[in-house]
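# Geometric and topological summary
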Amino acid sequence: EIESISSQISNEERIVKSLPKFRDEVKQLEKLKELALNQLPYKREIPNLLNSVTTLAKESGLEVLRFAPEKDAIRNFYAEVPVAVEFKGSFNQVMVFFDEVSRLSRIVSVGDIVLGSPRGYQENAQVAIDGTCKVTTYRHLEENEMIKEDEESQGKTGQPKRRRGAKEN
């Protein structure tokens, strides 16, 4: 019994010695969390962010034909905020726009890019194109949204719903 207690004491002493290291790790993780949350705006900040994206498109020389926000896709602690964008401009202008979007301080991704209808090709001239893409930004969920999502993921029996394609054990 003494050996068992001695072993337990040495384990506890080892844990106590490593406590400052764990506290430092927690501080670093808190800083990372704060940085990540700064890159995930809250709902009230989204209109300003979307205005920034529209402004970047226009400053890049693109003619924005349609800028249509779509329904948010709720995830664990964040929501995807997709926006369908339709535009006209040169290939160069499109690439400048994508480059400027990549430099935003907030997390914004561009996907589902479709470029077509090239016109105006001449030697050393820019080709005009039509294009569409989906610009997706992300936002932090408000607490009431997380609670609502959690309730929706529960079935009437109080058990979590099975996800589509999930196998039952």
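The structure displayed is predicted, hence computed values, not measured ones.

## Looking at unusual backbone geometry
- At Asp112, a position not held by glycine, the phi torsion is positive, near 50°.
- Phi is positive for Ser117, close to 50°, though the residue is something other than glycine.
- Examined against the element boundaries, Ser117 turns out to sit in strand E4 (residues 108-119).

## A short note on the side chain of Arg139
- Summarising the element assignment, Arg139 is placed in strand E5 (residues 128-140).
- Residue Arg139 is classed as buried on the basis of its relative accessible area, which comes to 2%.
- Polar side-chain contacts of Arg139 include one of 3.0 Å to the side chain of Asp72.

## Some thoughts on the pairing of E5
- Two strands pair when backbone bridges link them, and strand E3 (residues 78-90) and E5 are joined in this way by 13 bridges, in the antiparallel orientation. Directly across from Val85, in E5, lies its bridge partner Cys133.
- The pairing of E4 with E5 spans eight bridges and is antiparallel. Across the sheet, Val108 pairs through a bridge with Thr137, a residue of E5.

## Quick word on helix H3 (residues 46-59)
- With 14 residues, H3 should cover 20 Å at 1.5 Å per step; its first-to-last C-alpha distance of 20 Å lies within 8% of that length.
- Those residues of H3 lying buried are Ile46, Leu49, Leu50, Val53, Thr54, Leu56 and Ala57. Along the long axis of H3, the arc covered by the buried residues comes to 155°, so they all point the same way. Every exposed residue of H3 that faces more than 90 degrees away from the buried side is listed here: Asn48, Lys58 and Glu59.
- Within two residues after H3, Gly61 carries a phi angle of roughly 95°, on the positive side.

Definitions and limits used
Residues numbered from 1 in each chain as written. Predicted model: local features only at pLDDT ≥ 70, side-chain atom pairs only at ≥ 80, totals over all residues. Heavy atoms only, no water. Helix = DSSP H or I, 4+ residues; strand = E, 2+ residues; numbered from the N terminus. Buried < 20%, exposed > 50% of the residue type's maximum accessible area, 1.4 Å probe, protein only. Polar contact = N/O pair within 3.5 Å; in protein donor to acceptor, adjacent residues only side chain to side chain. Pairing = 2+ DSSP bridges. Expected span 1.5 Å × (residues − 1). Arc of directions from axis to C-beta.

These results come straight from atomic positions and should not be treated as a statement about function.
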